[in-house]
Amino acid sequence: MSHRHYEGNGRLKNADGIFSSWKPSDWMAGTDGSKEFSLSSTGVLTIKKDGIYYVYAQIHYLDDHDINGFIIQVNTESFLQCTRMTETVLGSTTKSNSCFTAGINHLKENDRILIRDIETNRYSIIKPEKSFFGLMRIGDSGRR
């Protein structure tokens, strides 16, 4: 992984709060996924085909803050949010927790999806089994 805030072992700090280190899973090669969406190097996923989509994401945080979480945005609007709170009793300590959310939405051609931390400068673990983001088209929009 090449990222200026990457600290090794999958630990990454998103200084601007936007998760941009996504890449398609190996199993996507040779599928029709590229006909329905595209993923930019800035972490923005663009919809190519109208439809009803199931959208999901999980972020694994390894951070000192009591509150961590993220928002899935469609264009500039919040679609889903996940927030975790882990109280620190004495002193500052690194906390490990995962936050998962999912939902169904009608997405249109050229809609743009991104994942943003609720606050900047949080550390997360970017490994496929810990943090992931995806969607699948589950139906037509029914609109003509």
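K.L.:
Sorry, what's going on with the packing of aromatic side chains here?
P.N.:
How two aromatic rings sit relative to each other is given by the distance of their centres and the angle of their planes. A full pass over the atoms with the stated rule returns five aromatic pairs. Aromatic side chains Tyr56 and Phe132 sit 6.3 Å apart centroid to centroid with 55° between the ring planes, which places their arrangement in the tilted category. Residue Tyr56 is found in strand E4 (residues 51–63), and its partner Phe132 is found in strand E10 (residues 132–139); the two are separated by 76 residues along the sequence. Within the aromatic cluster, the residues linked to one another by ring pairs are Tyr54, Tyr56, Phe100 and Phe132.

K.L.:
Quick question: what am I supposed to make of the state of the cysteines here?
P.N.:
This structure, assessed with the given rule, holds one disulfide. At a sulfur-sulfur separation of 1.9 Å, the disulfide partner of Cys82 is Cys99. Between Cys82 and Cys99, the disulfide has an S-S torsion of -110° and is therefore left-handed. In this pair, Cys82 is assigned in strand E6 (residues 77–85) and Cys99 in strand E7 (residues 95–107), connecting sequence segments 17 residues apart. As far as burial versus exposure is concerned, Cys82 and Cys99 are alike and both buried.

K.L.:
Would you explain the nonpolar core in this entry?
P.N.:
Soluble globular proteins: nonpolar side chains tend toward being buried together. Within the largest apolar cluster, 23 residues are counted, with the highest numbers of intra-cluster contacts made by Phe70, Ile113 and Leu135. Only strand E3 (45–47), E4, strand E5 (67–74), E6, E7, strand E8 (112–117) and E10 provide two or more residues apiece to this core. The element that contributes the greatest number of residues to this core is E4, accounting for five residues.

K.L.:
Looking at this structure, I do not really get a nonpolar patch on the surface. What am I missing?
P.N.:
There is a patch of nonpolar side chains on the surface, built from Ile104, Met136 and Ile138 and spanning about 300 Å² of accessible area. Tracing the backbone through its elements, the reader meets Ile138 in strand E10.

K.L.:
What exactly am I supposed to notice about the pairing of E5 here?
P.N.:
If a strand is regular, its side chains alternate between the two faces of the sheet. In terms of residue burial, E5 counts as a mostly covered element, since seven of its eight residues are buried. As judged from the eight bridges shared by E5 and E6, these two strands associate in the antiparallel manner. Bridge pairing in E6 places Ile72 opposite Leu80. In this antiparallel pair of consecutive strands, E5 and E6, the connection spans two residues, and Asn75 shows a positive phi of 60°. Here E5 pairs with E8 via five bridges, running antiparallel. From the neighbouring strand, Phe70 faces E8, where its bridge partner is Asp117.

K.L.:
It is not clear to me how the confidence of the model for the chain should be interpreted in this structure. Could you clarify?
P.N.:
Do not read the fine detail of predicted coordinates wherever pLDDT is low. For the chain, per-residue confidence averages 86 on the pLDDT scale, and 89% of positions sit at 70 or higher. Here residues 1–7 is modelled with pLDDT under 50, and outside its nearest four sequence neighbours on either side it reaches 15 contacts, counting other chains as well.

Criteria and cut-off values
Residues numbered from 1 in each chain as written. Predicted model: local features only at pLDDT ≥ 70, side-chain atom pairs only at ≥ 80, totals over all residues. Heavy atoms only, no water. Phe/Tyr/Trp six-rings, centres within 6.5 Å; stacked < 30°, edge-to-face > 60°. Helix = DSSP H or I, 4+ residues; strand = E, 2+ residues; numbered from the N terminus. Disulfide = S-S within 2.5 Å. Buried < 20%, exposed > 50% of the residue type's maximum accessible area, 1.4 Å probe, protein only. Core = buried A, V, L, I, M, F, W, Y, C linked by side-chain atoms within 4.5 Å. Patch = residues over 30% accessible without salt bridge, like charges linked within 9 Å, V, L, I, M, F, W, Y side chains within 5 Å. Areas by Shrake-Rupley, 256 points an atom, 1.4 Å probe, with all protein chains shown as cover. Salt bridge = Lys/Arg side-chain N within 4 Å of Asp/Glu carboxyl O. Pairing = 2+ DSSP bridges. pLDDT = per-residue confidence, 0-100. Contact = heavy atoms within 4.5 Å.

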